[in-house]
Amino acid sequence: MNRINRTVESLKRNKMDAYYCDTKEDACKLVKALINKGDVISSGGSVTLKETGVYDIITSPDYNYLDRSAPGITREEIEEVYRKTFSADAFFTSANAVTENGELYNVDGNSNRVAAILYGPKSVVVVCGYNKIVKNIDEAVRRVKCIAAPKNTVRLNLDTYCAETGKCVSLADENAELCSGCHSDGRVCCNYVVCAQQRHINRIKVIIIGEEYGY
């Protein structure tokens, strides 16, 4: 619990609004308090949002959800959803890692997720299980290479080295750098984003749950 408290206080120091919830049920109650009926809402691809029930809330008829996975949607329509997201009232996502220093670390392939975190939507709500907390950026990088990227490439049925082996190929190279990795067309590690102290105070809201969720 000390680690969670440290992380929450660090996020607040970095001008992000941060909350702790014991359970996913508490988190869902908080989510409803952070948005208003009729809000235009979008989200990034997230196992956490679905496991916690947050996805069910934001896709309910109470809100105007921008659905990039609607039945029959075309690639052009998906791209339009991505563009409309920049004008949304709220964007929901998780994070690949949250450091005890109050930083959010995200690595993205398509990068609509990190783009919306950085700019556009009036409010960004990040929902994380406590398993996403790491000591620092170095641990965040390793977490993505050993956990988040391999599991997501399997989930998305992508042909990558980490999907086959469970870890990034760069870990075998002592001279590897931050962005080192495979050159597969299915690579999900394309853009690397660290959110530190924010200029737009409390635009980013981080909900940490005292349970394990997502990758």
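Described in the following lines is the structure provided in the data block. Every value quoted in this text rests on a predicted model; they were computed, and no experiment measured them. (Residues numbered from 1 in each chain as written. Predicted model: local features only at pLDDT ≥ 70, side-chain atom pairs only at ≥ 80, totals over all residues. Heavy atoms only, no water.)

**Quick notes on the sheet that holds strand β7 (residues 123-129)**
- Ordered by their spatial adjacency, 6 strands build an open sheet running β1-β10-β7-β4-β2-β3, and the pairing between neighbours is parallel. Of all strands in the sheet, those bounded by a partner on one side alone are β1 (17-21) and β3 (64-65).
- In the sheet, strand β2 (residues 40-43) pairs with β3 via 2 bridges, with the strands oriented parallel. Directly across from valine 40, in β3, lies its bridge partner asparagine 64.
- Most of the contacts of helix α1 (residues 2-13) go to β1, to which it runs at about 160°, and overall it touches β1 and β10 (204-209). (Pairing = 2+ DSSP bridges. Helix = DSSP H or I, 4+ residues; strand = E, 2+ residues; numbered from the N terminus. Contact = heavy atoms within 4.5 Å. Axes fitted to C-alpha atoms, helices over the stretch in contact; angles between N-to-C directions.)

**Focus on helix α7 (residues 137-155)**
- The largest bend in α7 is about 45°, located at valine 144.
- Along its buried surface, α7 packs onto β5 (97-99), β6 (104-108), β8 (133-134) and α8 (161-165).
- Two to three positions downstream of the cap, the backbone nitrogen of aspartate 138 sits 3.2 Å from a side-chain oxygen, assigning the N-cap of α7 to asparagine 136.
- Count one or two residues on from α7 and you reach asparagine 157, which has phi positive near 60°. (Bend = angle between axes of the 7 residues up to and from the residue. Polar contact = N/O pair within 3.5 Å; in protein donor to acceptor, adjacent residues only side chain to side chain.)

**As for the sheet that holds β5**
- Strands sit in the order β8-β5-β6-β9 across an open sheet of 4 strands; the sheet is mixed. A strand with exactly one partner marks an edge of an open sheet, and here the two such strands are β8 and β9 (191-195).
- As paired elements, β5 and β8 share 2 bridges and run parallel to each other. Note that in β8 the partner of valine 98 across the bridge is isoleucine 133.
- The sheet contacts of α7 involve β5, β6, β8 and β9, and relative to β6 the element is tilted by about 30°.

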